[in-house]
Structure formats: structure tokens, C-alpha cells
Amino acid sequence: MSFDSFSEFIVMGGHGLYVWLSYAIALVIFVINIVSPVMQKKKVISDLVRRLRREKKSS
Amino acid sequence: MEQILTNERSDSAENTLMGLFWAVLKRDLMLAYRKKSDLFNPLVFFLMVATLFPLGVSPEPDFLAEVAPGVVWVAALLATLLSMDSLFRSDFEDGTLEQTLLSPQPLFVIVLSKVLAHWMMSGLPLTLLAPLLGVMLFLPAEGMSGLMLSLLLGTPTLSLVGAIGAALTVGLRKGGVLISLLVLPLYIPVLIFGTSAVQAAVTGLPLAGFFALLGAMLALGVVMAPLAIAAALRISVSG
Amino acid sequence: MSENKKWMPRWFYQLASPRWSYEIMGKLLPGFAVAATLLLIGGIIWALAFAPEDYQQGNSFRIIYIHVPSAILAQSCYMLMAVAGAIGLIWKMKVADMVAKSCAPIGASIAILALATGAIWGKPTWGSWWVWDARLTSMLILLFLYLGVIALHSAIESEATAAQSSAVLALVGLVNIPIIKYSVDWWNTLHQPATFTLTERPAMPAEMWVPLLIMVIGFYCFFAVSLMMRTRNEILHRERRSSWVRELIEKR
């Protein structure tokens, strides 16, 4: 552990803002890259389900 | 006997290739000559962009002299880009492009010839007009030769790379802005070495290295770009 | 194709089958997801709390654990996109087209991450949010190349044409990347000699580079997860008319 206390860990020797901001942006980008495929999948599957239902009705 | 025949064939093939090259070049130049606005619009645009800088930033001669190489180069780059959209557009609309793709003639040669014709109507006039802009922007007289030579070597590369963008977007209704998006990042090396050559000429540093680099990029472009253009045209037209 | 079978591995041809790819990716996904989660969480804790601080930059150095992996990944992702595009062009392999399409948004977002962290790191190091550093400028141009590919893909309606066109553009970009990189490096040394570079550091101690390595591997695993998720969606969408997709949907 390179920090003595939790408050020191947050402050990061005065660079806290920069470090935490970077990690926050990284988190946001990671979440976007997981959430958007999940949403995409939902949309694709609902499209496919609707398509199947329509075809069954017409046949 | 067979050998003679094949030799003859290759001879004639060479002749037809050169003939094809000149025929396409002549046709495109003739078309451009008949439609003079396409020739003049980029030039007027080139002048206007260069006029905007003193108005927008500062008319101070010292300052303008410092930014002149960059301004002229950026203006030339944008003017080339502006004229790019028309390269394959009219041929695509009247069906000539499709006929060209179906013909047995090698597309590489046709494309190279079309790009050369386009450069003679955009890059070459821009190069000839550049000293006027240099004077307007107080570029020192020592820089003029560097400016013209760097444009002479750089603008063909711009035309070649821009033609890839034009070929990729020819099938789309609004290709204009898209071409800029696709092509501008690829123009950056030419811009960097072009402006550096002019700056070196102004400060009296040796120029040969820059021209060698610009020439190398041109050589690479002449060999590689027509392949990409031909592939892109086939994709755009067939799809 | 049959005469090629001797020198091309079997799985390469199986990749051509969307169904096989969909299933194999489904099997691989959980493993990669677990690996990515463990590596990233472990790496971040190590990077933030346990790695020693830099003697010059202090704790702002910890940004390296995000910045460097994202910069590396953004470049590899472009490479993968171009190679997948080329495979799609040459062998007319649909799955390769889908992989290339799925690469673009992920790569662009990772390039944005590399740029943002680089800019943030610039503030304590150089005193300003943006410096025309060679690496940052190259990364910005890489982002532009990604945006160009995405714009071209979305402008063309036909899926097949869009895939082929953006593959050509990605390949042209791939040829240009070394030239751009060289010219930007050269331009940078001309305009600002002897800057303090972000990443070129003499002999990092092991406590510093081991977490960095973990983060790089974690980023790659995460990329694999996101890419496979996107590609699977793309396969389902493009294969919507085939019977196996229909069966899959009916079974749900």
C-alpha cells in the first residue's frame, strides 16, 4: 500500500482530480461498450421476434 | 513464329495502353474545357480562403509572412478537396463509368489518366496561382520557389488520395462532406512536408530532403492509389 | 477452395459460417468476461493503491494504467478492423465484414479514452489541457480515421457495399498510418524540441510495469468481450432470414 490513510488515497498528493477523472472516464467508456451491445441485442431480438410473428400470421 | 507474334502483341498492347491513357486524358480535358465553371470555382475558392485569413486574424505583414506557407497550403488542400466530388460524378450519372468498368481495358490506366486530367485542371492552376497568394500574404521572395515546387509535387498526391474518397462516395447522393471526412486525415503528411518545405525555403535551409519526401509520397501514391480507386469504383458502382 | 485446405487451418473456413462463429463466440464469451473483470479490477486496485508513485510526476503517473493500454488497444483495434476488412474483401467472408464493422465504434471509443486521459495527464505534467504532442496528435488522427470509416459505413445503405467500401477505406488508412505517424513525429520534433514525453520512460521498476501489463491484457480481454457481443448481434441481424436464427428465436 503506497498510501497511509484513505483521505491521502483520495487526494493523491494533489493530483486526485486528474487521476480520479481519468478513471471515471475509463469507467464510463467501459460501461458504454457493454451497455450498447446489450441494448443492440435486445433490439435485434425484438425485431426478429416481431418478424417471426408477422410471418406466422400471414402464412 | 510464336515468339514474334507474342512480341507483336505486347508491342501493340503497349501502344493501346498509352493510346488509352491519352484518349481518356484528352476526353476529360475536353469535357473540363467545355464546362469552365468547374475549372474556375476551385481557383476562386482558393483566393477567397486566403483572403479570409488577413481579415479574420490580422493584416500585420510580419504575422502574415509567418503563417503564409500554412495558409496557402491549407487553402490549396481545401480547394482540391472541393473539386474532388466532380471527378467521377458526371461519368457516374450518365452511365459512362459503368461502361468503363465493363470494358476490357485496364482500369488502373484509365483511373490514373482521369486523376492526371483532374490534377491538370485543379492542382496545376493552383500551383500557378500560388505566387499571387504568396505576395498577398507577404511571403518572402525566397520562399516562392519552394512554395511552387512543393505544391507541384504535393498536389498530385492530394488528387490521387482524394480520388479514393471520390470513388468510395460516388454512388451516394451527398458525397461532398463525406469525402472531406474520409480524406482530410490522409492529407496530413503532405500538408506537414509541404509547409515545412516552404518554411525551409524562407529560412534558407536545404530543401532537397522535403522534395524527396514529397516525391516519395507521390511515387507511392501513383503505384498504390489507382488500385484502391479501381477497387472502390467497382464496389460503388456494382453495389 | 479445396486445394487451399492443406495450408489453411480448418477453423479459418469454419469462421466463414455465421452459425459456427455465433456459437463459438457464445462459448468463448463467459471466459473472456470473467478474465476481463478479474484482470481489470485487480489491475486497477494494484495501479491505484499499491503501485509506487513516480519520483517526478507523483501520483498523476497512475493515469498511465489507463492511458497506455487504451492507446495500444486503439491501434491494434484499427489493425484488426483493416485485416478483417481485407479478409472480407478477398474471401468474401461475411463474418469478417461483421467483425470489421463491430471494431469501428469500440476502437473509436477507446481512442477517445486515450485522448481524454492523455489530455488530463497533460494538465499536471505540462500545465495545459492540450499539448500538440506527437503521440496525442497521432491518436487524434487515428480517431479521425475511425470516424471516417464509421461515417462511410452509415452513409451507404446496402450492407454488403458498405462493408466493402469501409474495408477499402480502412486498408488505405492502414497503409497511411505509418506515414502519418512518421510525419507527425518529425513535425513534432521540429516545433517543440525535447518535450517531456508521457510514456517513454527509462527502466520502469517491476512494481510499476507488472500492473501495467495486467491492465493491457485486461483491456484486450474487455475488447474481445465487447467485440464478440457486437459481432453476435450483427450475425443475428444479417442472418435473420436463415433457418437457424429462426429456430433460435423460437426456442426462447
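The structure under discussion appears in the preceding block.
Basis of the calculations
- Residues numbered from 1 in each chain as written.
- Chains lettered and ligands numbered in written order.
- Predicted model: local features only at pLDDT ≥ 70, side-chain atom pairs only at ≥ 80, totals over all residues.
- Heavy atoms only, no water.
- Salt bridge = Lys/Arg side-chain N within 4 Å of Asp/Glu carboxyl O.
- Helix = DSSP H or I, 4+ residues; strand = E, 2+ residues; numbered from the N terminus.
- Core = buried A, V, L, I, M, F, W, Y, C linked by side-chain atoms within 4.5 Å.
- Buried < 20%, exposed > 50% of the residue type's maximum accessible area, 1.4 Å probe, protein only.
- Contact = heavy atoms within 4.5 Å.
- Polar contact = N/O pair within 3.5 Å; in protein donor to acceptor, adjacent residues only side chain to side chain.
- Nonpolar A, V, L, I, M, F, W, Y, C, P; charged D, E, K, R; others polar.
- Axes fitted to C-alpha atoms, helices over the stretch in contact; angles between N-to-C directions.
- Parallel < 35°, antiparallel > 145°, perpendicular 65-115°, else oblique.
- Left-handed = near helix turned anticlockwise from the far one by under 90°.
- Buried area = accessible area lost by both parts, 1.4 Å probe.

Caption draft 1: Quick look at the pattern of salt bridges. A complete count under the given rule lists 14 salt bridges over all chains for this structure. Among the salt bridges present, the one from Asp28(B) reaches Arg27(B), with a minimum N-O distance of 2.9 Å. Among the ionic pairs, Arg238(C) bridges to Glu159(C), the shortest N-O distance being 3.4 Å. Placement of Arg238(C) in helix H7 (residues 206-238) and of Glu159(C) in helix H6 (residues 159-191) is noted, with a sequence separation of 79 residues between them.

Caption draft 2: Structural view of the nonpolar core. In this structure, Phe88(B), Ile229(B), Leu233(B), Tyr65(C) and Met81(C) are the most contacted members of the largest nonpolar core, which totals 131 residues. Of the residues forming this core, the biggest block, 14 residues, is contributed by helix H4 (residues 94-126) of chain C. Membership of the second largest hydrophobic core comes to 11 residues, among which are Val44(A), Leu48(A), Leu52(A) and Leu236(C).

Caption draft 3: Just the interface of chain C and chain B, in detail. In this complex, chain C contributes 26 residues to the contact, which on the side of chain B involves 24 residues. The tally of links from chain C across to chain B stands at zero salt bridges. In this assembly, chain C and chain B are joined by zero residue pairs in polar contact (both at pLDDT 80 or more). Sorting the residues of the side of chain C that touches chain B by element identifies helix H5 (134-155) and H6 of chain C as the ones contributing at least two each. Here the side of chain C that touches chain B gets 17 residues from one element, more than from any other, and that element is H6(C). Of the residues contributing to the side of chain C that touches chain B, the split by class is 19 nonpolar, seven polar and no charged.

Caption draft 4: Structural context of the packing of helix H2 (residues 18-50) of chain C against H7(C). All names here are of chain C. Between H2 and H7, whose axes approach to 7 Å, the crossing angle comes to 150°. If you check the angle between H2 and H7, you find them roughly antiparallel. As H2 runs across H7, the sense of the crossing is left-handed. Taken together, the residues of the contact of H2 with H7 break down into 28 nonpolar, five polar and two charged.

Caption draft 5: Highlighting the interface of chain C and chain A. On the side of chain A, 32 residues touch chain C, which itself brings 44 residues to the contact. Together chain C and chain A conceal approximately 3,400 Å² of surface at their shared face, both sides included; 70% is due to carbon and sulfur atoms. For chain C, the biggest contributors to the area lost against chain A are Leu48(C), Phe222(C) and Asn233(C); these three give 17% of the whole. A salt bridge links Lys56(A) to Glu250(C); its shortest N-O distance comes to 3.4 Å. Linking chain C with chain A are eight residue pairs in polar contact (both at pLDDT 80 or more), by the criterion used here. Mapped onto the side of chain C that touches chain A, the elements with two or more residues apiece are H2, helix H3 (64-91), H4, H7 and helix H8 (243-251) of chain C. It is H7(C) that provides the largest number of residues to the side of chain C that touches chain A, a total of 11 residues.

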